[in-house]
Amino acid sequence: MSVTNQEREVKVYGNYINGEWVNSATGQVSESTNPAKPSEIVGIVQKSSVEEVNEAFTAANEAHKSWSRLAGPARGDYLLKVSNILEERLDDIALTMTKEMGKTYVEAKGEAARGVAILRYYAGEGMRSTGDIIPSSDSSALMFTTRASLGVVGVITPWNFPIAIPIWKIAPALVYGNTVVLKPANETSVTAAKIIECFDEAKLPKGVINLVTGSGAVIGDAMLANPYIKAVTFTGSNTVGKHIGRQAFERGIKYQLEMGGKNPVIVAEDADLDLAVEATINGGLKSTGQKCTATSRVIVHESVYEEFKQKLMSETAKITVGNGEDSSTWMGPCASASQLETVLSYIEIGQQEGAVLLQGGERVEGEGYFVTPAIFENVTPDMRIAREEIFGPVLCLMKVSSMEEAVELANDSDFGLSASIFTTNIQKMLTFINEMDVGLVRINAESAGVELQAPFGGMKQSSSHSREQGRAAIEFFTSIKTVFVK
Ligand code: NDP
């Protein structure tokens, strides 16, 4: 269905329940708008009710009976089909993502290609071993493990990686025999619907994957209350993550929470400074700093501090801020008005706390939610800008006089997702690997980014300590059965 809007056709996307696109019985919809040009409506999505969540879970529960019995390679074949369809539509879906959340088109295409690769990785998982033979003390017995699917998995995703995150949760869930109900972030529900169109076209059996859009609080609570939910996987803020974790614990279901970060980079006295500057900018400012793995705290040895600072300021000043659809843009807008407000409020807070704003942090005049990349110095560990996740293009410089002080400062955070060091000294690398309380340790590489075949996740408040992606995903999406045959 489509309606005329601003002399342009704007498509209305339904929920996807039991293999059908259906509008919400509430009759309510919401508009998804372009953060670079908020007057542009990218699409219209359903504001769903509890009833629709329940319908989706009923369909997924019914579908699980046959989907879980399907052979792993056959489930993998479906994912392969989805990957080919997504690849064919890559440019269109990437453009939708750029319009919906502001990421540059180059980054959006990279993310969509990542989605294709993740689907192919998990398509292959359908043919890989899921158990071990364990020697029994009885020589006439056979003892082994096998993996059982969990049932219906609730998938709740944020807006910052609207293709990659849903796919890195959905693909392993499905290949290991579960069925799915997806609730994407409201801001990026059109992108989510376009992903689900790929699954629809691949003709997955009815009910295997379902999409319900609408308010997080309404849909989320209904998902967690549904009798058929057997697990929930979530990425987003710590506040919502903890709320979901508490409900899941009460229900006795499995949960996986990937939440915030306050990721440090250490620049040692022996670092390649050009490399460190480039990686700090890429890690901290790509996607407008809206990554849970984004570089936020930049801890620099005093002997190279001034040189590093000058290089960082001069390179950051060259960043072009604008509409992500424009090929000359390096950094797009914040994803929403509220995200922009959050960033601007932290710019204020930082200055009130006594940090020095070296450059940037200015609202760019005009329609979109643009802000220039900000660099603070004289940031102390007790300041809110050093402790809280800003989720925007803000770098906090901190000066140290030793490696010990640097590591201590880097670990002085409630979060523990990713940490980088720039050094040419092997002892410093080893100290860093051993001492950092984080899930992702990066040496001479930006804090953001991990390859899809490697485990992803954090320590401390960053995660519920399970890992996503790669083979690690099997631990969350299956349950081990130990079998003894005599
Ligand atoms: P939220 O945690 O609010 O949203 C993430 C997802 O949870 C969305 O789908 C949201 O739906 C849903 N949700 C919201 N409320 C509930 C609820 N009560 N029960 C179940 N699901 C719910 O993150 P935001 O997108 O608002 O971002 C806010 C902050 O979170 C950011 O500033 C950043 O600090 C952090 N964040 C971290 C991410 C990470 O990767 N670590 C990713 C995104 C955000 P809806 O969109 O409809 O509200």
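Residues numbered from 1 in each chain as written. Predicted model: local features only at pLDDT ≥ 70, side-chain atom pairs only at ≥ 80, totals over all residues. Heavy atoms only, no water.

Asker: Would you mind going over the overall build of the protein with me for this structure?
Answerer: Check the secondary structure of the protein and you find 15 helices and 22 strands. Scaling as 2.2 N^0.38, a compact globule of 486 residues should have a C-alpha radius of gyration of about 23 Å, and the protein matches this with 23 Å. The dimensions of the protein, computed from C-alpha atoms along their principal axes, are 70 × 65 × 40 Å. By residue count, 58% of the 486 residues in the protein fall in the buried class. (Helix = DSSP H or I, 4+ residues; strand = E, 2+ residues; numbered from the N terminus. Rg over C-alpha atoms; globule rule 2.2 N^0.38 Å. Buried < 20%, exposed > 50% of the residue type's maximum accessible area, 1.4 Å probe, protein only.)

Asker: Hey, could you run me through the state of the cysteines in this one?
Answerer: By definition, a disulfide links two cysteine residues through a covalent bond between their sulfur atoms. Taken as a whole and assessed by the stated rule, the structure comprises zero disulfides. Free of any disulfide, Cys292 has its nearest cysteine sulfur in Cys334, 17 Å distant. (Disulfide = S-S within 2.5 Å.)

Asker: Which parts of the structure should I look at to understand helix H10 (residues 302-317)?
Answerer: Since the α-helix turns once every 3.6 residues, residues separated by three or four places project in the same direction. For H10, which comprises 16 residues, the first-to-last C-alpha distance of 23 Å matches the rise-based estimate of 22 Å (1.5 Å per residue) to within 8%. The largest bend along H10 reaches roughly 25° and is located at Phe308. Regarding H10, the residues found buried are Val304, Tyr305, Phe308, Lys309, Leu312, Met313 and Thr316. Elements that come into contact with the buried residues of H10 comprise strand E13 (263-267), helix H9 (273-285), strand E14 (295-301), strand E15 (356-359), strand E16 (374-377) and strand E17 (394-400). (Expected span 1.5 Å × (residues − 1). Bend = angle between axes of the 7 residues up to and from the residue. Contact = heavy atoms within 4.5 Å.)

Asker: Is there a simple way to explain the pattern of salt bridges in this structure?
Answerer: Side chains that differ in sign of charge can pair as their charged atoms come close. Following the criterion strictly, the structure yields 24 salt bridges and no others. Between Glu315 and Lys318 there is a salt bridge whose closest N-O contact spans 2.8 Å. Residue Glu315 is classed as partly exposed on the basis of its relative accessible area of 35%. Residue Lys318 is classed as exposed on the basis of its relative accessible area of 55%. (Salt bridge = Lys/Arg side-chain N within 4 Å of Asp/Glu carboxyl O.)

Asker: Explain the environment of Arg387 here, please?
Answerer: With respect to the secondary-structure elements, Arg387 resides in helix H12 (residues 384-387). Linking Arg387 and Ser413, residues 26 residues apart in sequence, is a C-alpha distance of 6.3 Å. Beyond its immediate sequence surroundings of up to four residues, Arg387 is in contact with Lys262, Pro381, Asp382, Asp412, Ser413, Asp414 and Phe415. Here Asp412 takes part through its side chain, which lies 3.1 Å from a polar atom of the side chain of Arg387. (Polar contact = N/O pair within 3.5 Å; in protein donor to acceptor, adjacent residues only side chain to side chain.)

Asker: Which parts of the structure should I look at to understand the site of the ligand?
Answerer: As a matter of local geometry, the ligand sits amid 28 residues, with Thr157, Trp159, Ser237, Met259 and Glu389 nearest to it. Thr157 places a polar main-chain atom, nitrogen or oxygen, 2.8 Å from an oxygen atom of the ligand. At a separation of 3.3 Å, an oxygen atom of the ligand approaches a polar backbone atom of Gly214. Burial of the ligand by the protein amounts to 84% of the accessible area it has alone, namely 860 Å². Mapped onto the shell around the ligand, the elements with two or more residues apiece are helix H7 (216-225), strand E11 (229-235) and helix H8 (238-251). For the shell around the ligand, the per-class residue count stands at twelve nonpolar, 13 polar and three charged. (Near = heavy atom within 4 Å. Areas by Shrake-Rupley, 256 points an atom, 1.4 Å probe, with all protein chains shown as cover. Nonpolar A, V, L, I, M, F, W, Y, C, P; charged D, E, K, R; others polar.)

Asker: Please explain the side chain of Gln256 as it appears in this structure.
Answerer: Relative to the helices and strands, Gln256 resides in strand E12 (residues 254-258). Of the polar contacts made by the side chain of Gln256, one reaches the side chain of Thr233; its length is 2.7 Å. Polar side-chain contacts of Gln256 include one of 3.4 Å to the backbone oxygen of Arg467. Excluding residues within four positions of it along the chain, Gln256 makes contact with Val232, Thr233, Phe234, Ser464, Ser466, Arg467, Glu468, Phe476 and Phe477.

Asker: Would you mind showing me how to read the nonpolar core here?
Answerer: Proteins that are soluble and globular tend to have nonpolar side chains buried together. Among the nonpolar cores identified, the biggest contains 68 residues, and Leu79, Tyr122, Leu174, Phe199 and Leu204 are the most heavily contacted of them. Of the residues forming this core, the biggest block, nine residues, is contributed by helix H5 (residues 164-175). In contact with Tyr122, not counting residues within four places along its chain, are Leu79, Ala171, Pro172, Val175, Tyr176, Gln469, Gly470 and Ala473. Residues Leu340, Val343, Val379 and Met398 belong to the second largest nonpolar core, which totals 33 residues. (Core = buried A, V, L, I, M, F, W, Y, C linked by side-chain atoms within 4.5 Å.)

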